[in-house]
Structure formats: structure tokens, C-alpha cells
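# Geometric and topological summary
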Amino acid sequence: MIKNILAACVFLLSVKAFAQLDRQKVHQILNQSIELYNQQNYQESVKVLARISSVRSQYLNWYYYYGL
């Protein structure tokens, strides 16, 4: 019983760490897109944003930058 609880805790902690890593990757991609936009490279900026379109509902900034 204790082994199962411990295993569940380890699993949940690893899931949280993975989600945090994904969030960091999304923010890196958003920043890359912003840099391209500031360089007036609009088409590349949109292409970079498209890489994270599957998680856009979790990041309202995605819609803002895509709209620009």
C-alpha cells in the first residue's frame, strides 16, 4: 500500500516537472516569435507561432501575437 502511494507521488511529481518543461519551451517559442516580429520578419514569426498552435488555448498571448 505504501509502495503504491509512493509510486503515485513520484509519478505526479514527474508529470508536474514535464508540464513545467513544456511551459518553458512554449515561452521560448513565443519569445522567438516576438523577436522575429520586432525584426519585421512577419512570415517567420507566424511560422514559429504555428509550432505551438496546439496549446494556444492555454496561452492567451498566442492569440494576441498571432493577431499582430
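The paragraphs below set out a description of the structure included in this document. (Residues numbered from 1 in each chain as written. Predicted model: local features only at pLDDT ≥ 70, side-chain atom pairs only at ≥ 80, totals over all residues. Heavy atoms only, no water.)

### A look at the environment of Ser45
Secondary-structure assignment places Ser45 in helix 2 (residues 42-50). Given a relative accessible area of 6%, Ser45 falls into the buried group. Measuring from C-alpha to C-alpha, the distance between Ser45 and Tyr65 comes to 9.0 Å, with 20 residues separating the pair along the chain. With near-sequence residues (within four places) excluded, Ser45 lies in contact with Ser33, Leu36 and Tyr37. (Helix = DSSP H or I, 4+ residues; strand = E, 2+ residues; numbered from the N terminus. Buried < 20%, exposed > 50% of the residue type's maximum accessible area, 1.4 Å probe, protein only. Contact = heavy atoms within 4.5 Å.)

### Comments concerning the side chain of Ser33
By the secondary structure assignment, Ser33 is in helix 1 (residues 2-38). Exposure remark for Ser33: the relative accessible area of 2% places this residue in the buried category. Here Ser45 takes part through its side chain, which lies 2.8 Å from a polar atom of the side chain of Ser33. Not counting the four nearest positions on each side in its chain, Ser33 is found in contact with Ser45, Val48 and Leu49. (Polar contact = N/O pair within 3.5 Å; in protein donor to acceptor, adjacent residues only side chain to side chain.)

### Observations concerning unusual backbone geometry
Its identity as a non-glycine residue notwithstanding, Gln40 has a phi of 60°, on the positive side. By the secondary structure assignment, Gln40 is in the loop between helix 1 and helix 2.

### Overview of helix 2
Every buried residue belonging to helix 2 is among Ser45, Val48 and Leu49, and all of these are buried. For helix 2, the angular spread of buried residues about the axis comes to 100°, placing them on one side. Residues Gln43 and Lys47 are exposed on helix 2 and point more than 90 degrees away from its buried face. (Arc of directions from axis to C-beta.)

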